[in-house]
Amino acid sequence: MNFTPIKTLLFLITVMVVFIVFNQLMPREIGGETFSLKFFKASKWFEKKEEIPVIEDIDAFLASRDSAVKNVDTTTVVVADSKPTEVNFDRSQDITSLQFKDNNSKALFSFFEKLSKIKGSEQKLHILHYGDSQIESDRMTSVIREKLQGEFGGKGPGLITPVPITGSAAISQKNSANWKRYTAYGFSDGKSLHDDYGVMCSYARFTPAYSDDELASKDTTEAWLELKPSGMCSGNCKAYSQLSMLLGGNRTDVEVRVMLEDTLYAVDILPATNERYWKKYFIGNTPKNVKLLFKGIDSPDVQALLLEGWQGVQVDNIALRGSSGTIFRKISSHNFKREIDELNTGLIILQFGGNSVPGLKDEKGASNFGSYFKSQIKHIQSLHPDIPIIVIGPSDMSTSIDGEFQTWPYLEELNKAMRNAAWETGCGFWDMYEVMGGRNSMISWVNSNPPYAGTDYTHFTPKGARKMAELFYSALHREYELWSKAK
C-alpha cells in the first residue's frame, strides 16, 4: 500500500486520538499491594503545574525564623496573686512560636516554676522527649539538653535503652549477642509475654521468658552491657557521676558485677521479684568505661539505664522507631505512671506523625489519626495531670508524584489534626512543618549545600536536626522568659 504524506499524518492523528480516549477510560492505577501499574492521564498535559518554591539560603531563612520567634510583640500583665498558675500576660504567636489555643500558655507554668527552682538546688528535673526515628541517635534532643543543662545545670545523657537498634551521639554502647529487645512499638527482636514496658516503652532480656518447667532445667547464662562517653556530645552530656538500672521481673536471683575501667567496683545480687525498681550506683568522676556483667538463670527485664549527675535538668531521648505515637494506651499504666513520677518529670514532649503519613488515603484518615492521637494524650494526662505536654508535629516529607517530588498527600491535613488534638487537650503545639517552610520545603532542605535533610526526603541530617532543635528551643525559652518577667 502506498502511503502519501497526508495519509500518514491522518493515521498518526487517529492513533493519537485512540490512545487519548483509551487513556482517559483507564483507571489511574490497577493492581494490588504487591504489584500495580499507574497510568499517566493525558489531561495532565493541560494542567497548570504547581510551582515548587526554592529556599535559596537555608541558613538565612532559618536565621529569620529564629529572629521572628524572639521578637514577637507581647505586653506583659502581672496579676496580684503570684502563684505560678495565676501569672498572666497578653501573648501573641506566629509560625515559629509554641502555639496554644486562645494564646493561653498557662499549661507550661508549672514546668517553668520547677525549672526556675532547679538552678543551684540539689534537685533533678527530667524532660521526656518521645518521638519517632526523626529523633533517633539523640538528634534534636541533644540540642535541647545542651541548652537547658548549660543554663540550669545537669549532666549526663539521662535515660538510655540498654540495647539500642542504632548508635547514639549521647553515649557509646556495646552488648553481648544474647540480649533481645521487646518493644510496645515498631521493630522488636521477640514477642513479649506482658505489656509492662514502662517509661521507655521497651525492655531487654538476655534469656527468654521461660515457663516453670523450662526454668527448672536451665543452666546459668552470662551477659554484659558496656557504656562509654561519646565524643559526639557536649561536655555536660559526657560527664556523669551516677548510674542507675531500672529493672525487675526475674524469677531467680541474678548476680551483677559493676566494672569501672576494668576494676571491680561492686558485686550485687538482684533478687527475684515481679516488681520494677531502680538499682543505683554512685560512681564518682566519669569513668572511661562501665561494664555490667550479669549471671543468672532468668534475666530481669532491663527497661533503662540512667546516667546523670547530682542535680539539674535532664532531657531524655526516647526514640520509638516506627511508632506513630499511638502506643501509650497499650502499656501497663501502673509502672509507667510510677516511673515517670519517680523521675520528677516536669515536661513531656511528643514528636510524632511522620510514620502515619504514607498510609493516609484521604482527609478522613488524617482526621481519624488526630482523634486517636488525642486519646493517647488524654491517657497520659489521666496518669499525670500535673505534667504539661508539648506536641511537635511532623516535618515536611516528599514523595514522587508523576515523576516529581512533592509533599505527601494529606500531610497538611494530618498536621492540622495533630495541632487540634494538642489544643483540645490544653497542650502546646510546635508546627515543625510550617517552621521549616511548609509545602514542598523538604526539597530545598535536601538540595541545600550542605544538605539539611537526607535523600529519603523524610529525615533531617545532623545539621538540619540541630537547626530545627535550636528553633524549637528558642520558642520554648521565649515562653519561659515571658513567664519569668510576668512572675
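Report on the accompanying structure. (Residues numbered from 1 in each chain as written. Predicted model: local features only at pLDDT ≥ 70, side-chain atom pairs only at ≥ 80, totals over all residues. Heavy atoms only, no water.)

Right, let's get into the pairing of strand β17 (residues 389-392). Both faces of β17 are covered, namely the face carrying Ile 389 and Val 391 and the face carrying Ile 390 and Ile 392. Taken together, the four bridges between strand β16 (residues 345-351) and β17 define a ladder with parallel strand orientation. Looking at β17, one finds that Gln 351 is bridged to Ile 392. The handedness of the β16 to β17 crossover, carried by helix α8 (residues 363-383), is right-handed. (Buried < 20%, exposed > 50% of the residue type's maximum accessible area, 1.4 Å probe, protein only. Helix = DSSP H or I, 4+ residues; strand = E, 2+ residues; numbered from the N terminus. Pairing = 2+ DSSP bridges. Right-handed = clockwise from strand over helix to strand, strands pointing away.)

Turning our eyes to something else, we now look at a nonpolar patch on the surface. A surface patch of nonpolar side chains, about 460 Å² in accessible area, is lined by Ile 6, Leu 9, Leu 10, Ile 13 and Val 17. Here Ile 6 shows up in helix α1 (residues 5-25). According to the relative accessible area criterion, Ile 6 is exposed, its value standing at 52%. (Patch = residues over 30% accessible without salt bridge, like charges linked within 9 Å, V, L, I, M, F, W, Y side chains within 5 Å. Areas by Shrake-Rupley, 256 points an atom, 1.4 Å probe, with all protein chains shown as cover. Salt bridge = Lys/Arg side-chain N within 4 Å of Asp/Glu carboxyl O.)

Among the residues of helix α3 (residues 109-118), those classed as buried are Phe 109, Phe 111, Phe 112, Glu 113, Leu 115 and Ile 118. Where the residues of α3 are buried, they touch β3 (124-131), α4 (141-152), β15 (312-319), β16 and α12 (462-486). Just downstream of α3 lies Gly 120, where phi reads positive at about 80°. (Contact = heavy atoms within 4.5 Å.)

Before going further, it helps to examine the nonpolar core. Within the largest apolar cluster, 47 residues are counted, with the highest numbers of intra-cluster contacts made by Trp 430, Trp 445 and Met 468. With ten residues, α12 is the largest single contributor of residues to this core. Those residues within four positions of Trp 430 in sequence are excluded, and the remaining contacts are Thr 96, Ser 97, Leu 98, Val 391, Ile 392, Gly 393, Val 435, Met 468, Leu 471, Phe 472 and Ala 475. Counting residues in each nonpolar core, the second largest holds 46 residues, with Tyr 185, Met 200, Leu 320 and Phe 328 among its members. (Core = buried A, V, L, I, M, F, W, Y, C linked by side-chain atoms within 4.5 Å.)

With that settled, the discussion passes to the packing of aromatic side chains. All told, the structure shown has 19 aromatic pairs when counted by the stated rule. Judged by centre distance (5.5 Å) and plane angle (75°), the ring pair of Phe 112 and Tyr 480 falls under edge-to-face. Of the two residues, Phe 112 is situated in helix α3 and Tyr 480 in helix α12; the sequence distance between them amounts to 368 residues. Pairing Trp 430 with Phe 472 gives two aromatic rings, centres 5.5 Å apart and planes at 75°, and the pair type is edge-to-face. Taken together, the positions of Trp 430 in strand β20 (residues 428-430) and Phe 472 in helix α12 put the pair 42 residues apart, joining distant regions of the chain. We classify Trp 430 as buried; its relative accessible area is 0%. Between the NZ or CZ atom of Lys 291 and the centre of the ring of Trp 224, over which it lies, the distance is 4.4 Å. It is Arg 419 that lies over the ring of Trp 423; its NZ or CZ is 5.3 Å from the centre. (Phe/Tyr/Trp six-rings, centres within 6.5 Å; stacked < 30°, edge-to-face > 60°. Lys NZ or Arg CZ within 6 Å of the ring centre and 35° of its normal.)

Counted by the stated rule, this structure contains three cavities of 30 Å³ or more. In this structure, the largest cavity encloses a volume near 330 Å³. Among the elements of the structure, β4 (158-160), β5 (171-175) and β15 are those that each provide at least two residues to the lining of the largest cavity. The dominant element in the lining of the largest cavity, judged by the number of residues it contributes, is β15, at three residues. In terms of residue class, the lining of the largest cavity is built from 13 nonpolar, eight polar and five charged. Roughly 40 Å³ of volume is contained in the second largest cavity. As for the second largest cavity, its lining consists of Phe 111, Phe 112, Leu 115, Leu 148, Phe 152, Tyr 473, Leu 476, His 477 and Tyr 480. Elements represented by at least two residues in the lining of the second largest cavity include exactly α3, α4 and α12. When residues in the lining of the second largest cavity are grouped by element, the largest group, four residues, is from α12. Classifying every residue of the lining of the second largest cavity gives eight nonpolar, one polar and no charged. (1 Å grid on protein atoms, 1.4 Å probe; cavity = no way out; pocket = protein on both sides within 12 Å on 5 of 7 lines; lining within 4 Å. Points joined across faces, edges and corners; volume = space filled by probe spheres on them. Nonpolar A, V, L, I, M, F, W, Y, C, P; charged D, E, K, R; others polar.)

Overall, antiparallel pairing links the five strands, which are arranged β5-β8-β13-β10-β11 in an open sheet. The two strands at the open ends of the sheet, each matched to only one other strand, are β5 and β11 (263-270). Between one strand and the next, the sheet's axes are offset by a mean angle of 15°, whatever the strand orientation. Pairing geometry for strand β10 (residues 254-260) and strand β13 (residues 290-296), over seven bridges, is antiparallel. Across the sheet, residue Val 254 finds its bridge partner in β13, namely Gly 296. (Axes fitted to C-alpha atoms, helices over the stretch in contact; angles between N-to-C directions.)

Attention now goes to the pattern of salt bridges. What the rule picks out here adds up to 19 salt bridges. Between Glu 146 and Arg 466 there is a salt bridge, with the nearest N and O atoms lying 3.0 Å from each other. Taken together, the positions of Glu 146 in helix α4 and Arg 466 in helix α12 put the pair 320 residues apart, joining distant regions of the chain. For Arg 466, the salt bridge is made with Glu 470, and the minimal N-O distance between the two is 3.2 Å.

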